[in-house]
Amino acid sequence: MIRPILIHPDPRLKKLCDPVTEFDADLAVLAKDMLETMYDAPGIGLAAPQIGVMKRILVMDCVKEGEPRPMVLVNPKITWASEDLGVYEEGCLSIPDQYAEVKRPAEVRVEWVDETGKPQEEQFSGLWATCVQHEIDHLDGKLFIDYLGPLKRQMITRKMEKLKRERARQAQA
Ligand code: GNR
Ligand code: NI
């Protein structure tokens, strides 16, 4: 099931999410819904708070062409980050049509458990490294615009407030 994606500003996008403790059928359904919602958008990643679920779960697939690689990361933790940084033009499904360059560690090592509770570990680089850091930030209530200067951030936030007003009006009519 495709779930609606929350648009910034929304208090749920600013909160620290809770660790997952139950690896049950509900979690499997949530992971499947998140992947479906991400591919439909389309996006390369999605974090649970973006659909209003305040739990530490993210999905991603940064494969550009060829065989897709859907990944589900539960309770992810960055255990190492490279000293060298990389710059990517980032976007966010919760901040539609707004893009800005963000500097982050070029490579990160991440530990997580999959939707069955099995421990996993991998080192990410390139777009995967950017994406996994962007998604883990969501789980900590942080957005990519929080890395920008206050003026740029405020400009984007105002645009999003306007977009939300227009969408609410549309829904009304
Ligand atoms: O689809 C997305 N693209 C993207 C591009 C550059 C850096 C990060 C991202 S993540 C984004 C989807 C999203 O908002 N995930 O939280
Ligand atoms: Ni995002």
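Residues numbered from 1 in each chain as written. Chains lettered and ligands numbered in written order. Predicted model: local features only at pLDDT ≥ 70, side-chain atom pairs only at ≥ 80, totals over all residues. Heavy atoms only, no water.

A.B. asks: Now, about the overall build of the chain: what can you tell me, with residues and values included?
C.D. replies: Looking only at helices and strands, the chain features 3 helices and 7 strands. For the chain, the succession of helices and strands along the chain, N to C, is α-β-β-β-β-β-β-β-α-α. Radius of gyration (C-alpha) of the chain: 16 Å, near the 16 Å computed for a compact globule of 173 residues. Taken along the three principal axes of its C-alpha coordinates, the chain extends 45 × 40 × 35 Å. A total of 173 residues make up the chain; the buried ones form 42% of that total. (Helix = DSSP H or I, 4+ residues; strand = E, 2+ residues; numbered from the N terminus. Rg over C-alpha atoms; globule rule 2.2 N^0.38 Å. Buried < 20%, exposed > 50% of the residue type's maximum accessible area, 1.4 Å probe, protein only.)

A.B. asks: Let's hear about the nonpolar core: which residues, and what values?
C.D. replies: By size, the foremost hydrophobic cluster in this structure holds 17 residues, and its most contacted members are Met60, Met71, Leu73, Val110, Phe124 and Val132. Elements represented by at least two residues in this core include exactly strand E2 (57-60), strand E3 (71-81), strand E6 (107-113) and helix H2 (126-139). No other element matches H2, which puts 7 residues into this core. What Met60 contacts, discounting residues up to four positions off in sequence, is Met38, Ile44, Gly45, Arg69, Pro70, Met71, Leu73, Phe124, Trp128, Cys131 and Val132. (Core = buried A, V, L, I, M, F, W, Y, C linked by side-chain atoms within 4.5 Å. Contact = heavy atoms within 4.5 Å.)

A.B. asks: Help me get a handle on the side chain of Ser82, residues and values and all.
C.D. replies: By the element assignment, Ser82 lies in the loop between E3 and strand E4 (85-92). The exposure class assigned to Ser82 is buried, which follows from its relative accessible area of 6%. A polar side-chain atom of Ser82 sits 3.2 Å from the main-chain amide nitrogen of Ala106. In this structure, Ser82 is in contact with Pro105, Ala106 and Glu107, ignoring residues within four places of it in sequence. (Polar contact = N/O pair within 3.5 Å; in protein donor to acceptor, adjacent residues only side chain to side chain.)

A.B. asks: Explain the pairing of strand E5 (residues 95-105) to me, using residue names and the numbers behind them.
C.D. replies: A regular strand places its side chains on the two faces of the sheet in alternate fashion. Here E4 runs beside E5; their pairing, made up of 7 bridges, is antiparallel. Note that in E5 the partner of Cys92 across the bridge is Ile95. (Pairing = 2+ DSSP bridges.)

A.B. asks: Give a description of the site of ligand 1 that names residues and reports values.
C.D. replies: Not every one of the 13 residues close to ligand 1 is listed here, only the nearest: Ile44, Gln50, Leu93, Glu135 and His138. Within the backbone of Gly45, an N or O atom sits 3.2 Å from a nitrogen atom of ligand 1. In this structure, His134 approaches ligand 1 through a side-chain N or O atom, which is 3.2 Å from an oxygen atom. Of the residues in the shell around ligand 1, the class split is 3 nonpolar, 7 polar and 3 charged. (Near = heavy atom within 4 Å. Nonpolar A, V, L, I, M, F, W, Y, C, P; charged D, E, K, R; others polar.)

A.B. asks: Could you give an account of the coordination of the nickel ion (ligand 2), with specific residues and numbers?
C.D. replies: The nickel ion (ligand 2) binds to the protein through Cys92 (SG), His134 (NE2) and His138 (NE2), with metal-donor distances spanning 2.1 to 2.4 Å. Look at where the donors of the nickel ion (ligand 2) fall in the sequence and you get C-x41-H-x3-H. You can see His134 and its partner His138 sitting in helix H2, 4 residues apart, about one turn around the helix. Of the two residues examined, His134 and His138, each falls in the buried class. (Donors = N, O, S within 2.8 Å, 3.2 Å for Na, K, Ca; no water.)

A.B. asks: Could you give an account of unusual backbone geometry, naming the residues involved and the relevant values?
C.D. replies: Cis geometry is found at the peptide bond from His8 to Pro9, where omega equals 0°. Ala41 connects to Pro42 through a cis peptide bond whose omega is -5°. Structurally, Pro42 can be placed in the loop between helix H1 (25-40) and strand E1 (45-47). Phi at Asn75 takes a positive value of approximately 50°, unusual for a residue other than glycine. Relative to the elements of secondary structure, Asn75 occurs in strand E3. Unlike most non-glycine residues, Asp97 shows phi in positive territory, near 65°.

In short, the description is geometric, and any link to function would need to be established separately.
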